[in-house]
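Commentary on secondary and tertiary structure
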Amino acid sequence: MQPEPSRVVNSRQPVYSWGIAGTAVVVSLSLVLLLYRDAVLHVTGYWNQWDSGGVYAHGYLTLAISLYLIFSQRKKLVHLRPCASVIALFAVGALSLFWLAAAMMDIITVQVLALLLLILAIPWALLGNQVTRHLVFPVLILLFAIPVWSVLSSFLQEMTAGASYGIARLIGVTVFRQEQLLILPAGQLEVTPSCSGMGYLLAALTLGMLYAHLNYQTFFHRLVVVVIAGCTAIIANILRVAIVVQQAYETDMQTSLVNDHFYLGWYLFGGMVVVLLVIDHYIAMSVKRPKAGVGNPDEEVIDDVCAQGYSRQLVVLVATGVFITSVPVIAWWSHNQYGSGQLAEVVMPAGAAGWSVNRTGEGLRGSSRSTPVPACRAVARADAAKPV
């Protein structure tokens, strides 16, 4: 009787073992966190704003979720053969050059995005396709925790101002709208970018992706869950602003919600999430739904011998190390070689009426420059609009 093919495969000891591959991944990622620390510190700076209600205050929680999801895959990963991918090596090189271009132009947002993709590409190159497909979701969920979503802020700000204004008029509040200002008889409220609901949206998308990943198998059902979670966060923020407007109108701007209404949105969002979970529970009872991870464990394990030779895998390992170490060195050398670190002095033409050089570092007098917007919980001046 011939032995089963899987047993023949398992009896062969791979040259490129998990010991070598795992060590290479840990060392490579450690070097990335060290050499690309400017981008890492930029991200953690946003994560550290959890006590003041920052947009990316859920970053550490998202990182913990990502690490937990990777750890939960360990029983599947241990049965897979790490196999270095030559194709993924090109992805590492391309993303390294992408990060270098962003660093040369000093675009920190692009550097952060390139860094996240590079963190995924390195295990792909060193471990291969079979292993990486189990790591894609845990790594990409961090996308909702990095500061690259500011492009949506103005859209959400406009949507929140318009929808809350409509709700306020519908319930009988005397209010007028001028762009992002909601003008009441006793004062003004402003929907600032920090109150656009971006924090609620990103946290909801993170939790929605996690719930969909753990409870659904098909892409369509997972997409529906994520969309519903995002819409729930947007609706909760709109209701938050509408409640503040209504209370400010009823109390002539004397209610405490005018100055402190951050947690009101989380209470609304949490209540709506509980309702959605109850609805999902009853749907699961009436409809036989396939659960993620359910099935024959033996069918989920793919345990083939790596087709790559040891020399080719060694080339991939060395080339990956060269890419991730040389690019930051090039960026550092370039900044020191060509960047003086000093701002150029602007010499204004003689006789330019109304213009003069401002040497205090605050810009040009007479120019129209933007000023920082107040935070969501900040107390505005008596003659200014209250932020909501």
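Note that this is a predicted model, so its numbers are computed, not measured.

Quick notes on the rules
- Residues numbered from 1 in each chain as written.
- Predicted model: local features only at pLDDT ≥ 70, side-chain atom pairs only at ≥ 80, totals over all residues.
- Heavy atoms only, no water.
- Helix = DSSP H or I, 4+ residues; strand = E, 2+ residues; numbered from the N terminus.
- Buried < 20%, exposed > 50% of the residue type's maximum accessible area, 1.4 Å probe, protein only.
- Contact = heavy atoms within 4.5 Å.
- Areas by Shrake-Rupley, 256 points an atom, 1.4 Å probe, with all protein chains shown as cover.
- Pairing = 2+ DSSP bridges.
- Axes fitted to C-alpha atoms, helices over the stretch in contact; angles between N-to-C directions.
- Parallel < 35°, antiparallel > 145°, perpendicular 65-115°, else oblique.
- Left-handed = near helix turned anticlockwise from the far one by under 90°.
- Nonpolar A, V, L, I, M, F, W, Y, C, P; charged D, E, K, R; others polar.
- Patch = residues over 30% accessible without salt bridge, like charges linked within 9 Å, V, L, I, M, F, W, Y side chains within 5 Å.
- Salt bridge = Lys/Arg side-chain N within 4 Å of Asp/Glu carboxyl O.

Moving on, we get to the overall build of the chain. Within the chain, the regular secondary structure consists of 15 helices and four strands. Burial analysis of the chain (388 residues in total) assigns 37% to the buried set. Considering only contacts in the chain between residues 6 or more positions apart, those separated by 24 or more positions represent 75%. Accessible area of the chain: about 22300 Å², with a carbon and sulfur share of 65%.

Moving on, we get to the pairing of strand 2 (residues 181-184). Each regular strand displays side chains that alternate between the two surfaces of the sheet. Residues Leu182 and Leu184 point to one face of strand 2 and are all buried, whereas Leu181 and Ile183, pointing to the other face, are not buried. Examined bridge by bridge, strand 1 (residues 176-178) and strand 2 share three bridges and lie antiparallel to one another. Bridging from a neighbouring strand, Gln178 pairs with Leu181 of strand 2. Here strand 2 hands over to strand 3 (residues 187-190) after two residues, the two strands then running antiparallel side by side.

Where helix 6 (residues 86-104) meets helix 7 (residues 108-127), the closest approach of the two axes is 9 Å, and the angle between their N-to-C directions is 160 degrees. In terms of axis orientation, helix 6 runs roughly antiparallel to helix 7. As for how helix 6 packs across helix 7, the hand of that crossing is left-handed. On helix 7, the residues that touch Ala88, Leu89, Ala91, Val92, Leu95, Ser96, Phe98, Trp99, Ala102 and Ala103 of helix 6 are Val110, Gln111, Ala114, Leu117, Leu118, Ala121, Ile122, Trp124 and Ala125. Taken together, the residues of the contact of helix 6 with helix 7 sort by class into 17 nonpolar, two polar and no charged.

To continue, consider a nonpolar patch on the surface. A cluster of nonpolar side chains, Phe220, Val224, Ile228, Val275, Leu276 and Ile279, forms an exposed patch at the surface whose accessible area comes to about 510 Å². Every element with two or more residues in the nonpolar patch is listed here: helix 12 (219-250) and helix 13 (262-286). For Val275, the location among the structural elements is in helix 13.

Right, let's get into the pairing of strand 3. Side chains of strand 3 alternate between two faces, with Gly187 and Leu189 buried and Gln188 and Glu190 left unburied. In terms of strand pairing, strand 2 meets strand 3 through four bridges, oriented antiparallel. Directly across from Leu181, in strand 3, lies its bridge partner Glu190.

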